[in-house]
Amino acid sequence: MADFKVTPYEVEGKIDYDRLIQQFGITPIDDKMRERIKRLAGDLHFLIRRQIVFAHRDLNWLLDEYEKGNKFYVYTGIAPSGNMTIAQTLPFLLAKWLQERFDVDVYIQIPDEEKALIRNISFEEAHRLAYEDALDIIALGFKPHKTRIFLDTEYASKLYPVAVRVAKHITFSMVKDAFGFTNNNNVGSIFYTSMQAVPAVLKSIEEGKNVPCLIPLGVDQDVHFRISRDVLPKLGYYKPAIMHLKFMPSLSGGMKMSASKPNETIYLNDTPEEIERKIMNAFTGQQPTAELQKKYGGNPDICAVCQYNRFLFEPDDNKLEEIFEAERNGTILAKEHKEDLLKKVLVFVENHNKEKERIKDKLEDFIVKD
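Keep in mind it's a predicted model, so treat the numbers as computed, not measured.

A. Looking closely at the overall build of the chain. In terms of regular secondary structure, the chain is built from 17 helices and 9 strands. For the chain, the C-alpha radius of gyration of 21 Å lies close to 21 Å, the compact-globule estimate for 370 residues. Considered along the principal axes of its C-alpha atoms, the chain spans approximately 65 × 45 × 45 Å. Taken across its 370 residues, the chain has 53% of its residues classed as buried. Pairs at least 24 residues apart make up 77% of the contacts formed inside the chain by residues separated by at least 6 positions. Accessible surface, the chain: about 16600 Å² in total, of which carbon and sulfur atoms supply 48%. The centroid of the 51 positive side-chain charges in the chain is displaced by 3 Å from the centroid of its 56 negative side-chain charges.

B. Representation of the sheet that holds strand S7 (residues 147-151) in the model. An order of S3-S4-S9-S8-S5-S6-S7 is seen for the 7 strands of this open sheet, with the pairing classed as mixed. The open sheet is flanked by strand S3 (27-28) and S7, the only strands paired with a single partner. Across 4 bridges, the pairing between strand S5 (residues 73-77) and strand S6 (residues 106-110) is parallel. Paired with Tyr 75 across the two strands is Tyr 107, which belongs to S6.

C. Focus on the pattern of salt bridges. If you walk through the whole model with that rule in mind, you get 29 salt bridges. A salt bridge links Asp 105 to Lys 146, with the shortest nitrogen-to-oxygen separation between them at 3.3 Å. Here Lys 146 lies in the loop between helix H7 (123-138) and S7 and Asp 105 lies in the loop between helix H5 (90-102) and S6, a separation of 41 residues in the sequence. Judged by its relative accessible area of 19%, Asp 105 is buried.

D. Just the packing of helix H2 (residues 31-41) against helix H4 (residues 59-67), in detail. Where H2 meets H4, the axes come as close as 12 Å, and the angle between the chain directions of the two elements is 25°. Between H2 and H4, the interaxial angle falls into the category roughly parallel. The chirality of how H2 crosses H4 is left-handed. Of the residues in H4, those in contact with Met 33, Arg 36, Ile 37, Arg 39 and Leu 40 of H2 are Leu 59, Asn 60, Leu 63, Asp 64, Tyr 66 and Glu 67. Split into classes, the residues belonging to the contact of H2 with H4 amount to 6 nonpolar, 1 polar and 4 charged.

E. Just the packing of aromatic side chains, in detail. Inspection of every chain in the model, using the stated rule, returns 15 aromatic pairs. With 5.7 Å between their ring centres and 55° between their planes, Tyr 66 and Phe 72 make a pair best called tilted. Through a chain of ring-to-ring contacts, the aromatic side chains of Tyr 66, Phe 72, Trp 97 and Phe 102 assemble into a single cluster. Taking the ring centre of Tyr 107 as reference, the NZ or CZ of Arg 148 above it sits at 4.7 Å. Here the guanidinium or amino end of Arg 226 rests over the ring plane of Phe 24, the centre of that ring lying 4.5 Å away.

F. Expanded view of the pairing of strand S4 (residues 53-57). Extensive coverage of S4 is indicated by the burial of 5 of its 5 residues. Where S3 lies against S4, 2 bridges are found, and the strand directions are antiparallel. Each bridged residue has a counterpart across the sheet, and for Thr 27 the counterpart in S4 is His 56. Looking at chain direction, S4 and strand S9 (residues 241-245) are connected through 4 bridges and run antiparallel. For His 56, the partnering residue across the bridge sits in S9 and is Met 243.

So, how was this worked out
- Residues numbered from 1 in each chain as written.
- Predicted model: local features only at pLDDT ≥ 70, side-chain atom pairs only at ≥ 80, totals over all residues.
- Heavy atoms only, no water.
- Helix = DSSP H or I, 4+ residues; strand = E, 2+ residues; numbered from the N terminus.
- Rg over C-alpha atoms; globule rule 2.2 N^0.38 Å.
- Buried < 20%, exposed > 50% of the residue type's maximum accessible area, 1.4 Å probe, protein only.
- Contact = heavy atoms within 4.5 Å.
- Areas by Shrake-Rupley, 256 points an atom, 1.4 Å probe, with all protein chains shown as cover.
- Lys, Arg positive; Asp, Glu negative; His and termini not counted.
- Charge placed at Lys NZ, Arg CZ, Asp CG, Glu CD.
- Pairing = 2+ DSSP bridges.
- Salt bridge = Lys/Arg side-chain N within 4 Å of Asp/Glu carboxyl O.
- Axes fitted to C-alpha atoms, helices over the stretch in contact; angles between N-to-C directions.
- Parallel < 35°, antiparallel > 145°, perpendicular 65-115°, else oblique.
- Left-handed = near helix turned anticlockwise from the far one by under 90°.
- Nonpolar A, V, L, I, M, F, W, Y, C, P; charged D, E, K, R; others polar.
- Phe/Tyr/Trp six-rings, centres within 6.5 Å; stacked < 30°, edge-to-face > 60°.
- Lys NZ or Arg CZ within 6 Å of the ring centre and 35° of its normal.

Structure representation (structure tokens):
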């Protein structure tokens with residue numbers, strides 16, 4: 001049985017999501033849950049239909065509250081460490097869909113201190129990247145009157161008083177066990193989970209009553225909220241519900257696209273030439289020669305081109321199945337396969353950056369500060 005590792009700071013190996021469900025103690029999203037979401041939302045986002053959103057915590061409870069008239073809000077975020085990748089858009093696209101379908105507010109935390117504490121990046125660079133991330137996020141189409149974005153260092157007067165109350169219930173031992181920290185980790189990194197917990201109760205504090213919170217996130221971030229969910233009820237708040245997303249694979253066929261591996265990752269600010277080079281060198285599930293591919297077909301489950309279509313670039317399920325079937329039966333060869341994907345990615349990135357340019361002066365409509 002292959003080993004794998006999933007933490008907020010490191011993902012390694014071939015991930016067995018069924019085993020991960022058991023290890024993390026999360027609940028798979030089954031057909032019954034998908035039908036319930038569809039009934040309430042009027043539709044299913046393709047990320048949910050395709051089981052990319054694959055697990056949850058307390059989602060039934062949150063939807064029970066919603067049906068009682070106790071509307072939830074959505075909280076998600078990103079820690080800036082470099083240019084945003086297409087994979088990092090997925091939780092935000094899901095959050096945007098939830099905002100539209102359930103008419104809810106979205107709170108987006110950009111912890112501009114976290115990566116400076118954990119990684120080799122300056123606080124000044126992290127702060128600059130935070131504003132780039134904010135532009136990338138709002139360019140996805142969030143509603144300004146229902147979306148709030150905040151940087152930790154610029155919203156500290158709201159976040160810090162709650163964070164210290166959370167921190168009082170988190171021991172160094174808990175953090176070390178959860179994240180694999182050692183005595184060499186700085187105290188800022190140890191404290192960070194306390195800050196990340198705050199947006200899960202921020203609307204409750206603002207409204208003076210408990211408001212359910214739903215957090216869409218990559219499954220590697222779950223550990224932060226396992227701790228938060230233990231602590232927040234001690235302060236009188238609801239536990240946040242969570243929707244877990246699988247990892248978008250890398251262009252090399254690896255289990256997770258990583259921003260630290262630029263040749264295996266597509267960034268939102270990549271040039272068309274860079275995107276073409278990366279995609280035309282992508283791993284496919286095809287046979288080593290065209291003759292063998294036509295004879296035996298390939299494997300779409302391990303093909304980066306097929307998976308990119310599945311995760312983001314082909315929302316139509318029927319068209320996606322045609323792409324997968326063409327890979328299986330050998331009727332499409334690697335060059336054509338990659339060229340089809342390339343066209344979609346170029347359009348996505350071009351449209352995104354046009355929208356980013358259009359809204360670059362609208363940050364003040366979204367960002368809240370002290």
